[in-house]
Amino acid sequence: YRGKNEAKLAAPPLLVVPSMINRWYVVDIRDGASLVSALVNGGLDVYCLDWGVPEDEDRHLAWDDVVRRLEHAMSRVRRETGSAQTSVLGYCMGGTLSAIATALSPERVSALVNLAGPIDFSRGGLLAELVAPQHFDVDAIAAAGNVAPMQMQTGFTALRPTGQLAKWLGLVDRGGDPAFREAFGALETWASDNVPFPAAAYVTYIRELYQENRLLAGEHAVRGKRVDLAEIRCPVLTIVAEKDTICPPDAALALNAKASSKVKEVVSVPGGHVGAVVGSKAEKTLYPKVVDFLRRNTCDSKN
């Protein structure tokens, strides 16, 4: 997505990194609910990583391979643009992966935005409880191959058992509003378009990050190299959602405590894990904050 010429800024390109298990277009879901549009209108060149859809033969794709894919995407953006650095914005699991990639190559990242990505998994709330090792055998779950979207969705449903009922009652209540129906339909399309989690990567993600909290402890390693979050020195913005049950605020805020950056900012926005990004308030609460941070910390205006 190319920044608009009239607002063009001299800034490193931005790579947006969504979660592995959700489709990328949550950041550009529709007019009026597009983080990407706000960034482009702010004068930034934006690239978005599409993780693709794992097939059965991808069951052996390891966590190290996932991180390598992200690193390759960052390299591709630098090569395409001729820039020595990229800014990175990671959403959900993409925030966790972006922090890991930044810690491994801090000189390549000009700014890091963590949008509701967990870092301290001991603060992961009910989701962390659901995968606690005393009652969740991650090897057994992944033994049959990739973890299917339906399997993962049951866990998210357990966080808010009445959420589905409330959603459909809301449609009945406001179904006469065309704008509401459009927003509802776009979100339902995205929410039903999840992808599998490669089995090998899933085992590492659940065991080392959720169950053992190795990332926060500085004991998580990628390709044999320890991931030290203190190596992150670029400006950091952590965004938390007030009603987030998937990534409670404290789980994400740990990044600011660990990073060595001189600039470390926090923004709290209304809504839950998804609503904060695509809901009716996002255009006025979330998007301007992200654009402002990147303009202040990575940009030299050409105007």
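As shown above, the structure is provided for reference.
Residues numbered from 1 in each chain as written. Predicted model: local features only at pLDDT ≥ 70, side-chain atom pairs only at ≥ 80, totals over all residues. Heavy atoms only, no water.

Engineer: Go over the pattern of salt bridges with me, naming the residues and quoting the values.
Structural biologist: What the rule picks out here adds up to 12 salt bridges. Taking the shortest distance from any N to any O, the salt bridge between Asp228 and Arg226 comes out at 3.5 Å. A residue is classified by how much of its surface remains accessible, and Asp228, at 23% relative accessible area, is partly exposed. Using a relative accessible area of 48% as the deciding quantity, one classes Arg226 as partly exposed. The partner of Arg296 in a salt bridge is Glu265, with the nearest N and O atoms 2.9 Å apart. In this pair, Arg296 is assigned in helix α14 (residues 287-298) and Glu265 in strand β9 (residues 264-269), connecting sequence segments 31 residues apart. (Salt bridge = Lys/Arg side-chain N within 4 Å of Asp/Glu carboxyl O. Buried < 20%, exposed > 50% of the residue type's maximum accessible area, 1.4 Å probe, protein only. Helix = DSSP H or I, 4+ residues; strand = E, 2+ residues; numbered from the N terminus.)

Engineer: How would you sum up the nonpolar core? Please name residues and give values.
Structural biologist: Leu15, Trp63, Leu70, Leu97, Phe197, Tyr205 and Ile232 are the most contacted members of the largest nonpolar core, which totals 55 residues. Going through the elements one at a time, β2 (14-17), α2 (63-81), α3 (93-104), β5 (109-115), α4 (125-130), α5 (138-142), α9 (199-211) and α11 (249-258) are the ones with two or more residues in this core. Per-element accounting of this core gives the leading share, eight residues, to α9. Contact partners of Phe197, with chain neighbours within four places excluded, come to Met20, Ile21, Trp63, Met93, Asn146, Val147, Met152, Tyr202 and Tyr205. The next biggest cluster of nonpolar side chains, apart from the first, holds 37 residues, and it includes Val16, Ile29, Leu44 and Val113. (Core = buried A, V, L, I, M, F, W, Y, C linked by side-chain atoms within 4.5 Å. Contact = heavy atoms within 4.5 Å.)

Engineer: Summarise the packing of α2 against α3; cite the residues concerned and give the values.
Structural biologist: Between α2 and α3, whose axes approach to 10 Å, the crossing angle comes to 75°. The angle between the axes of α2 and α3 places the two elements in the roughly perpendicular class. Packed against α2, whose contacting residues are Trp63, Val66, Val67, Leu70, Glu71 and Met74, the element α3 presents Met93, Leu97, Ser98, Ile100, Ala101 and Leu104 at the interface. Residues of the contact of α2 with α3, tallied by class, amount to 10 nonpolar, one polar and one charged. (Axes fitted to C-alpha atoms, helices over the stretch in contact; angles between N-to-C directions. Parallel < 35°, antiparallel > 145°, perpendicular 65-115°, else oblique. Nonpolar A, V, L, I, M, F, W, Y, C, P; charged D, E, K, R; others polar.)

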